[in-house]
Amino acid sequence: MTTAEGPTAAKSGSAATDKFKSERVTADTSPERLAAIAKDALDALNEVILKHEVSYPEYRVFKQWLIDVGEGGEWPLFLDVFVEHSVEEVLARSRKGTKGSIEGPYYVPGAPELPARCTMPMREEDEKATPLVFSGQVTDLDGNGLGGAEIELWHADEQGYYSQFAPHLPEWNLRGTIITDAEGRYEITTIQPAPYKIPTDGPTGRFIEAQNGHPWRPAHLHLLVSHPGKASITTQLYFKGGEWVDDDVASATKPDLILDPHKGEDGRNRVVYNFALDPED
Ligand code: MBD
Ligand code: FE
């Protein structure tokens with residue numbers, strides 16, 4: 001949805017690009033490995049052109065689309081929706097603990113610290129959504145509680161918007177860094193987010209339309225759980241029976257990551273989910 005004060009593809013796309021560029025990324029890839037990956041990537045693209053007998057007009061439209069994705073700041077969005085799941089799949093091969101999922105384009109480090117029992121930063125009147133009380137324990141692979149673990153939690157509001165990527169929201173709305181208690185436990189009060197619709201007014205939206213896809217992700221919570229001496233886990237949690245859980249445009253759901261909240265006596269939805277962290281790589 002695009003409203004006067006709501007986000008647009010161009011605005012949230014360039015915000016995601018600006019955030020990404022401020023991070024300064026590096027990788028310790030050897031020149032030999034880089035050369036092999038670059039060659040295979042180019043071979044794959046050329047293979048598609050030959051297979052489909054791509055014409056000059058089609059080639060030029062492709063070139064223009066690539067330019068549009070860059071100018072609209074949509075590379076973080078496009079890549080995280082259509083490619084990141086494979087990178088996560090590779091990482092998951094070496095992990096035994098809690099299942100991971102993709103980070104997506106809307107993580108922001110440095111969210112306000114909150115105690116183990118807390119309410120997420122949100123607007124007045126409880127954010128006009130179903131309250132969700134999310135509790136559990138962070139442990140190592142042997143089940144030992146990890147006190148002082150950090151749970152970075154970020155998610156969309158009931159309209160599907162993320163703070164810092166939609167200009168009408170307070171800076172840290174629905175973003176927090178929760179510190180577990182001495183036993184690794186936490187109880188976080190937040191709200192149930194809505195499904196997320198990829199902006200359809202930009203080049204990523206046009207791409208989705210062109211392949212007859214839909215632009216939806218199921219409602220989800222994003223988490224990054226970390227503790228000194230342990231491997232951090234970036235993951236997402238979804239809601240049982242929710243729309244798009246079985247058809248995520250970003251291919252990022254897993255059976256282990258689906259919550260089944262139940263209404264408590266106080267009318268709030270409650271759910272328990274525990275995290276087990278692998279040892280440091
Ligand atoms: C999201 O909220 C998201 O999590 C991903 C992966 C892509 C676009 C929007
Ligand atoms: Fe998301």
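Residues numbered from 1 in each chain as written. Chains lettered and ligands numbered in written order. Predicted model: local features only at pLDDT ≥ 70, side-chain atom pairs only at ≥ 80, totals over all residues. Heavy atoms only, no water.

- The name given to the protein in an unreviewed UniProt entry is Catechol 1,2-dioxygenase, with the source organism recorded as Spinactinospora alkalitolerans.
- Taken from UniProt, the Sequence similarities (unreviewed entry) comment for the protein reads in full: "Belongs to the intradiol ring-cleavage dioxygenase family."
- Quoted verbatim from the Cofactor (unreviewed entry) heading of the UniProt record, the comment on the protein is "Fe(3+)". (UniProt positions renumbered as here; feature names shortened; annotations may be inferred.)

**Describing the overall build of the protein**
Right, on to step 1. Helix and strand content of the protein: six helices and 14 strands.
Right, on to step 2. By the compact-globule yardstick of 19 Å for 281 residues, the protein fits well, its C-alpha radius of gyration being 20 Å.
Right, on to step 3. Across the 281 residues in the protein, those meeting the buried criterion constitute 44%.
Right, on to step 4. In the protein, once contacts between residues fewer than 6 apart in sequence are set aside, the share between residues at least 24 apart is 75%.
Right, on to step 5. Put simply, the protein shows about 15400 Å² of open surface, and 53% of that area lies on carbon and sulfur atoms.
Right, on to step 6. Of the side chains in the protein, 27 bear a positive and 46 a negative charge, and the two mean positions are spaced by 1 Å. (Helix = DSSP H or I, 4+ residues; strand = E, 2+ residues; numbered from the N terminus. Rg over C-alpha atoms; globule rule 2.2 N^0.38 Å. Buried < 20%, exposed > 50% of the residue type's maximum accessible area, 1.4 Å probe, protein only. Contact = heavy atoms within 4.5 Å. Areas by Shrake-Rupley, 256 points an atom, 1.4 Å probe, with all protein chains shown as cover. Lys, Arg positive; Asp, Glu negative; His and termini not counted. Charge placed at Lys NZ, Arg CZ, Asp CG, Glu CD.)

**Topic: the pattern of salt bridges**
Right, on to step 1. The full count for this structure, using the stated rule, is nine salt bridges.
Right, on to step 2. Among the ionic pairs, K254 bridges to E88, the shortest N-O distance being 2.9 Å. Placement of K254 in the loop between strand 10 (233-239) and strand 11 (258-259) and of E88 in helix 5 (residues 84-92) is noted, with a sequence separation of 166 residues between them.
Right, on to step 3. Overall, E88 belongs to the buried group, its relative accessible area being 12%. (Salt bridge = Lys/Arg side-chain N within 4 Å of Asp/Glu carboxyl O.)

**Description of empty space enclosed by the protein**
Right, on to step 1. Within the structure shown, the criterion is met by three cavities of 30 Å³ or more.
Right, on to step 2. Looking at the largest cavity, its volume works out to about 120 Å³.
Right, on to step 3. Around the largest cavity, the lining is made up of 16 residues, and of these G104, P105, Y106, R217 and H222 lie nearest the centre.
Right, on to step 4. If you list the elements that add at least two residues to the lining of the largest cavity, you get helix 4 (75-82) and strand 9 (220-226).
Right, on to step 5. The biggest single contributor to the lining of the largest cavity is helix 4, with three residues.
Right, on to step 6. The residue makeup of the lining of the largest cavity, split by class, is nine nonpolar, four polar and three charged.
Right, on to step 7. The computed volume of the second largest cavity comes to approximately 40 Å³.
Right, on to step 8. Taken together, Y107, V108, A111, E152, L153, W154, R175 and G176 make up the full set of residues lining the second largest cavity.
Right, on to step 9. Listed by contribution, the elements that provide at least two residues to the lining of the second largest cavity are strand 4 (150-155) and strand 5 (175-179).
Right, on to step 10. Considering each element in turn, the lining of the second largest cavity owes the most residues, three residues, to strand 4.
Right, on to step 11. Partitioned by chemical class, the residues of the lining of the second largest cavity number five nonpolar, one polar and two charged. (1 Å grid on protein atoms, 1.4 Å probe; cavity = no way out; pocket = protein on both sides within 12 Å on 5 of 7 lines; lining within 4 Å. Points joined across faces, edges and corners; volume = space filled by probe spheres on them. Nonpolar A, V, L, I, M, F, W, Y, C, P; charged D, E, K, R; others polar.)

**Focus on the layout of surface pockets**
Right, on to step 1. Taken as a whole, the largest pocket spans an internal volume of roughly 1200 Å³.
Right, on to step 2. Taken together, 29 residues form the lining of the largest pocket, with D80, E84, V87, E88 and E103 sitting closest to its centre.
Right, on to step 3. Broken down by secondary-structure element, the contributors of at least two residues to the lining of the largest pocket are helix 1 (9-21), helix 4, helix 5 and strand 10.
Right, on to step 4. Sort the elements by how many residues they give to the lining of the largest pocket and helix 5 lands first, with six residues.
Right, on to step 5. Its residues assigned to classes, the lining of the largest pocket shows 15 nonpolar, six polar and eight charged.
Right, on to step 6. Within this model, the second largest pocket holds a volume of roughly 500 Å³.
Right, on to step 7. In this structure, the second largest pocket is lined by 16 residues; those nearest its centre are V48, V54, E58, F62 and F207.
Right, on to step 8. Listed by contribution, the elements that provide at least two residues to the lining of the second largest pocket are helix 2 (31-52), helix 3 (56-71) and helix 6 (203-210).
Right, on to step 9. Element by element, the count of residues in the lining of the second largest pocket is highest for helix 2, at six residues.

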